[in-house]
Structures are given as structure tokens and as C-alpha cells.
Amino acid sequence: MTQDDYSPEREWQATLRLFAQQPQAICRFPARYSLLQQSGASLPEFPDCPEYRVFLQRVPVDQISVIYASENLTSPSSMLGHAMLAVEGLRDDGFYARHSVSFFTVLDSINPIKLLWETLVTGKEGFFLVKPLRAHFEFYNLAEQRNVWRYELDLDEGQRALLQAHLWELRSVNMDYFFHTQNCATVSADLIRLVIPQLENSNWVTPIDLVKAVNRSGKIKSIEITPAAKWRVRMLEDTVPQELQDVVYQWQQGEIDKLPQVSGKEGFLLREMANAVLDYREQTGTDGTEQSRKKTEILRQSIPDSPEFSDYELTLDNYRSPLKTPEDAHYSFGYQRTEKSDWLSLQWLAVGHGIEDDNRQYFAENELKLFDLSLRASPQHEALRLNHLQLYSARSLTPWDRFTGGVSGDFRVGFYSLADDNLQRQTAFNIHGGAGITLAASADLRVYALLNGGWYRNNDADFLYAEPEVGAYLYEVFGMKSWLRYQPRFAPDRKVQQQLTLTHSIALEGSALIAEVSSLAVDGKYEHVASVNWRWYF
């Protein structure tokens, strides 16, 4: 059957004919056999399938869960996080087996244009694997220091058995990986939809989309989080008194011999932070020598403990949950005012979020945008202009701290409205990137500095530039947030451009109100812009 001839009804009839003519083919499609059997179809007896029987014994399904590993903006394949299934259960030999069910590709190029073309247009080779779950946890949770959430699904025995049979069917299927239509989340969603038909469906499914859809289906039985050591350290920095943090730092640096014996809640938090700091040292390779490993072991043995600490528990359920993040796509509609004209603005972001959005549930303030299209139209002048078409934009403003460090970074590629020395604008292709540092001035205020640079190309210009950026963002009351940044641009044979921008956003239920004012100065000439936009998340 060709793809053009395909339909569910034809596939159904073709499967019935195959089973009638070749009963042994049932071993290849046990899930189809089960569905046909439930429909009352006339079928031959289930044959002996030695390989399938071994699979059932080795991969039990007493529990089935969705696994979500948090985002990693330093890796293109992990910038939206990663989703997969986990199956686990007790084997006949008494061993409790845990396996992951994952679909992924290997990104083997550092060329962003090539990666976008392959993952969006031509497709890359995809790999569907069932392997021990421990390997994934060690990679995501230990090596990459990413939090891992486990959402157990509320399924009955028949549903679990059907999904188990379908996993066997997929073991030899060749599937191309497409970032937007066939990725880790879409394949996981298709698997879940076999047993939860009411699971929402959409054209572009991200890992967080999948987790939220499962949650809305009401089929989550329990939630478990395995926090990365780096995340635990930073979480405890929000809780542990500053004087105790100072003591932990001095202790792990060897400036003092032992931690003080502190009672009550503060003593419990002191112990948790000390253990988290040492876990981070071990998991990230800080203890690279035998001497340093011995030092860590001595430090761990010196951590004070007390029976009273058993009265306390470190609760993580409501701290920075993926389920609380805004939806990762949006439409914006608004008004823009310049000295020369009034404009109506329209923006569509296919997937991601910006610094201006509410990012309090993420590990660090960050931006990720894929296919961000912004247009403006002037009814007065009957004109339509492109503000930008961002193919890919990633920015991470991770506050530096003395225990875990932290580097901030920025990278984007796309088409942007470029002003020349006379403030005339043309569309130009741009590759831009850099790195820097972010500091926490207070619990709600962060300041940062980035040393950026890049390359612009259009019909009239082709130049490299340096563009340092300094800025700050502040979370305020009632879901409000302000972001201020200053960006001077230096390029050979061009006037210095200086841009100052203030963005203010108010997060609402399923939407946001975003106002922005900016001023661009070039050689005594100025361009002032003010805008207000209503943003809907979906």
C-alpha cells in the first residue's frame, strides 16, 4: 500500500488479510491483533512468538510514566527539554526493571542553517529505542544537571498491555526526525494516545506541551521530581539564611574545619545545602583527582545530623513546575507609534518564549524562539514592513553564584530591520551571539552584561560588528516585570548606534500585556518608538 492509497480502513482490511494468509505475522503486530480481537473480528489463534515472549518478560509494564527532562539551552537538541516514556515492573526472576522509551536524533553539525534545514525540511535519521532508564537519568540529571520529572499515568492492565505490545511493533520501524512534526514529544504523544484517546492533538507538540496535555487529560496518578544537584543548590539559596550560606561556602573552601551544630529548621536546611554542594562537586567532575575526592568524603562525614531533622522535609512539588509555565507559542496584536507614522503590529511565535514573558518557573531567566515573525502595517501609508523573522533565538541569563558558577549567553539567526547611519531601514540577514555574566542584586532584581557581536548582510551592506549589552530585569507585584537594556553597536566605516529599550509586561491568565519604549541614536539623530501589545498564549 502506497502513502497516497493509505487510509485507516484500508490498513485495517490489509492487516486482516495478512493475518489470515500468514498467521505468523501476528508476532510482528501483536497490538494490532489485540485491537482487532476487541472489535470482534474473525482471527486465527495467536501463534507462538519466542522473541516477543522474551520482550514481554524483559520489559514489564506494571507502571507507565511520562518523563520530562528540563530545558538545556546550551544544546540545540535539548533547548525545549526532552520527553519520553518510562515502563517499569517486576520480572519473573524477581528483578525490578525500568526502561525508557525514547525517540531522538543526533545533531552532528554546528551549522545552525544546516540543522534547521535538515530538522525542518529534509528530516534527519530518527532513533526509537527501548533501553534501561538509569542511563537517561545519569545523562540528564547528573551529566547535564537537568531536573527530571516523572508523571505516572493512571492506566489499567489492559491499557498497559496494549502499549507494551505496540512498543514491540515499533522496534524495527524507521522514522525520520522532524523538529516540528515528529520529535520526542510527538512520538510519545502518539504512543499515549493509543491508550488515552482523549489526549489533545496539535500540529507542533513540544515536551512541555505533552506534559500539560497529559495533566489536562486527568490521567496523572502521581508526580515525582529528581532534582539536579545544581538546581538544589540554587533552590536552597532562595531559602537558607545568608549567614549560613557563608558558613557552607567557607567550609567547602576549607576555610573552616567543620559546620556548626544548628538546631531546628535552620539546622536541617544547613545540612541539605551542604549535601547539595558536595553532590554538585561530585557530579560535575570538580573532584577530578584522588586528593579532591578524599577531601569531599571528609567534608561529607563532617556534616552535622540530628534526629530532630526527621521532622522536616524539603518539599519540591510547588517549586518551579513545568505545569505552571505559560504555553510555548503565542500571537500578539498591538499598536506602534513612531515620529513618522502609526502602525498596527502583528506577531506570531511558533514555539518558545521571550525574556519579556513570565519565566519564573524556569531554572534561569531565558529566551527561546523558533520562527518568530513580527510585522507592522500602516493604513495611513498603505505600507507593510517586517520587524523581524527570527529563525532561532536563544538567550540564557543564568545568575552567577559562588557554588555553581553560571555563564550567560545569547545567540540568534534570522532577518531583521536594520537602520543605517541616516536611520533608514532595510531588511538584513543577521547572525548574532555572545556571552557574559548575570548577577542577582536581590531576590527579584537581576543585572547582566554580555559581550556580543555578529554579522549583518543585505543588498547594500555586509559588515561585522561588536555590540555589548548591559541590562537588568525586575519582577514586581501582580505578575509585572520590567526589562531595561542598553546596546551600543560598533562597526567599521559606520556610525556608532546606541539603543536604549524598556519593556514592561503584565502576566495575565493565558495572556499578557506588553508595553515597550525604545530610542535609537546615530550621530545626533534619533528614532523613538513606543508600542503596546496584547499577547495570547496557546
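For the structure itself, look to the data block above.
Cut-offs used in this document
Residues numbered from 1 in each chain as written. Predicted model: local features only at pLDDT ≥ 70, side-chain atom pairs only at ≥ 80, totals over all residues. Heavy atoms only, no water. Helix = DSSP H or I, 4+ residues; strand = E, 2+ residues; numbered from the N terminus. Buried < 20%, exposed > 50% of the residue type's maximum accessible area, 1.4 Å probe, protein only. Lys, Arg positive; Asp, Glu negative; His and termini not counted. Salt bridge = Lys/Arg side-chain N within 4 Å of Asp/Glu carboxyl O. Polar contact = N/O pair within 3.5 Å; in protein donor to acceptor, adjacent residues only side chain to side chain. Patch = residues over 30% accessible without salt bridge, like charges linked within 9 Å, V, L, I, M, F, W, Y side chains within 5 Å. Areas by Shrake-Rupley, 256 points an atom, 1.4 Å probe, with all protein chains shown as cover. Pairing = 2+ DSSP bridges. Axes fitted to C-alpha atoms, helices over the stretch in contact; angles between N-to-C directions. Core = buried A, V, L, I, M, F, W, Y, C linked by side-chain atoms within 4.5 Å. Contact = heavy atoms within 4.5 Å.

Caption draft 1: Broad picture of the side chain of R160. Looking at the element boundaries, R160 is found in helix α6 (residues 157-169). This buried residue, R160, is left without a salt bridge; D62 holds the nearest opposite charge, at 5.3 Å. Looking at R160, its side chain comes within polar contact range of the main-chain oxygen of V61, at 2.8 Å.

Caption draft 2: Expanded view of a nonpolar patch on the surface. Taken together, the side chains of Y331, F333, Y335, L344, L346, W348, L508, V532, W534, W536 and F538 define a hydrophobic patch exposed on the protein surface, amounting to about 1,000 Å² of accessible area. Listed by contribution, the elements that provide at least two residues to the nonpolar patch are β9 (330-338), β10 (342-353) and β20 (525-537). Secondary-structure assignment places F333 in strand β9. A relative accessible area of 44% places F333 in the partly exposed class.

Caption draft 3: Quick peek at the sheet that holds strand β6 (residues 148-153). As summarised here, the arrangement of the 6 strands in space is β5-β3-β2-β1-β6-β8, forming an open sheet in which the pairing is antiparallel. Each having just a single partner strand, β5 (127-132) and β8 (220-226) make up the two edges of the open sheet. Within the sheet, the average angular offset between the axes of one strand and its neighbour, ignoring direction, is 25°. Here β6 runs beside β8; their pairing, made up of 6 bridges, is antiparallel.

Caption draft 4: Inspection of the pattern of salt bridges at higher detail. If you walk through the whole model with that rule in mind, you get 37 salt bridges. Between E224 and R150 there is a salt bridge whose closest N-O contact spans 4.0 Å. With E224 in strand β8 and R150 in strand β6, this pair connects stretches of sequence that are 74 residues apart. Residue E224 is classed as partly exposed on the basis of its relative accessible area, which comes to 43%.

Caption draft 5: Focus on the nonpolar core. If you look at the biggest cluster of nonpolar residues, it comprises 85 residues, and the most contacted ones within it are V66, F128, L191, I192 and L210. Apart from the residues lying within four places of it in its own chain, the contact partners of L191 are L85, V101, F128, L163, H166, L167 and L170. Membership of the second largest hydrophobic core comes to 8 residues, among which are A69, F137, Y140 and V148.

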